[in-house]
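Inside the fold
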Amino acid sequence: MAATYLPTLKQLQYLVALQDSGHFGRAADACFVTQSTLSAGIRELETLIGVVLVERTRRVVRFTPLGDRIAEKARRVLREAEELGDMARAAGRPLSGDMRMSVIPTIAPFMLPRILPRLRRDYPELRLFLREEASGPACESLSQGRADCVLLALPYACGEVTAQVLFEDRLFLAGPEAEIGAGGASVSADAIDETRLLLLEDGHCLKDHALAACNRPELRAEATMLGTSLHTIVQMVDNGLGVTMLPEMALNAGILDHTHLVARPLSAANPSRKIALVWRRASPREKDFQLLADALTEVH
């Protein structure tokens, strides 16, 4: 019987890294090898399967249609291989070993400083690698196996995942006291001046949650969408450029400290977002993720 030669996991890793980066040098850096090693590995893969996967020119790296299909299949193979290690870890000590978690930008700076010291204390064998990215890229990272779990806000369509809701995060209107009123009374969504509303740009689910809570279609057309962070928007509002909506966790973390702004709870049909931990369905580390979700809820 003739020997069967199969692609190695390393060759598949090189191929996926090249597709992600579109550049041999950056792909080599991501794999911690030299560019010549990565290039040779991909050529060996092409020779092994007898087809050209990547068209090489001086200026561009272009995958062939078959190369794209094989790279996507390689992602699934690599993810299955990683899950072999996950199964072994799941059978050992709880919440131990490496874990890659993506966190959306409207959660990361407000929640991570509170939860990380607790996790380090209670689970010293856990090595948590964090990546801050918007909801869309975070869910893609989860699907492609670059992340093991995602901390994000619902509702958001994140694909074939299991979600454990941690807590409700209420939305507030923030602005000058003269504009939104004094005291802690709630402010009606109908009272918001759409020409003064500053929100994050498309891609940030907080914007969609805020607009959905208000249930006013004209807000999407009239509100100013800014490609920036909540901290920068707060500075703009503090300089008289308008009002904005902020989640309760940002207020609790002191985002309005050293400003002249006040915040009032939003009165609307759905005045909050749900903070959740999500992971791929049927993951062998599901018990670990449930344990992590419980720990995050307790810290909150």
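Read on for an overview of the structure. (Residues numbered from 1 in each chain as written. Predicted model: local features only at pLDDT ≥ 70, side-chain atom pairs only at ≥ 80, totals over all residues. Heavy atoms only, no water.)

1. A word on unusual backbone geometry
Rules: What counts as a helix is a DSSP run of H or I of at least four residues, what counts as a strand is a run of E of at least two, and both are numbered from the N terminus. Per-residue accessibility, obtained with a 1.4 Å probe over protein chains only, is compared with the maximum for each type, and a residue is labelled buried under 20%, exposed over 50%, and partly exposed between these values.
Between Leu-154 and the following residue, Pro-155, the backbone shows a cis peptide bond with an omega angle of 5 degrees. Looking at the element boundaries, Pro-155 is found in the loop between strand E5 (149–154) and strand E6 (161–176). Of note in this structure, His-258 is not a glycine but carries a positive phi near 65 degrees. The exposed category is assigned to His-258, whose relative accessible area is 84%. One non-glycine residue, Ala-282, lies in positive phi territory at about 65 degrees. Within the secondary structure, Ala-282 is located in the loop between strand E12 (272–280) and helix H12 (286–299).

2. Comments concerning the nonpolar core
Defined as follows: By convention a nonpolar core is built from buried Ala, Val, Leu, Ile, Met, Phe, Trp, Tyr and Cys residues, the set being connected through side-chain atoms within 4.5 Å. Here, two residues are considered to be in contact whenever any of their heavy atoms come within 4.5 Å of each other.
Ranked by internal contacts, the top residues of the largest apolar core, which has 69 residues, are Met-111, Leu-151, Leu-166, Met-245, Ile-275, Leu-277 and Leu-292. Filtering out sequence-adjacent residues up to four positions away, Leu-151 remains in contact with Met-101, Ser-102, Val-103, Ile-104, Ile-107, Met-111, Leu-166, Ile-275, Ala-276, Leu-277 and Leu-296. Counting residues in hydrophobic clusters, the runner-up holds 20 residues, among them Val-16, Phe-24, Leu-53 and Val-54.

3. Brief notes about a nonpolar patch on the surface
Rule in force here: Only residues above 30% relative accessible area that lack a salt bridge enter a patch, with like-charged residues linked at up to 9 Å and the nonpolar side chains Val, Leu, Ile, Met, Phe, Trp and Tyr linked at up to 5 Å. Only the protein chains shown count as cover for residues, with accessible areas throughout obtained via the Shrake-Rupley method and a probe of 1.4 Å. Any Lys or Arg side-chain nitrogen located within 4 Å of an Asp or Glu carboxyl oxygen qualifies as a salt bridge.
Taken together, the side chains of Tyr-5, Leu-48 and Ile-49 present a nonpolar region at the surface, about 300 Å² in accessible area. On the secondary structure map, Leu-48 appears in helix H3 (residues 35–49). Residue Leu-48 is classed as partly exposed on the basis of its relative accessible area of 33%.

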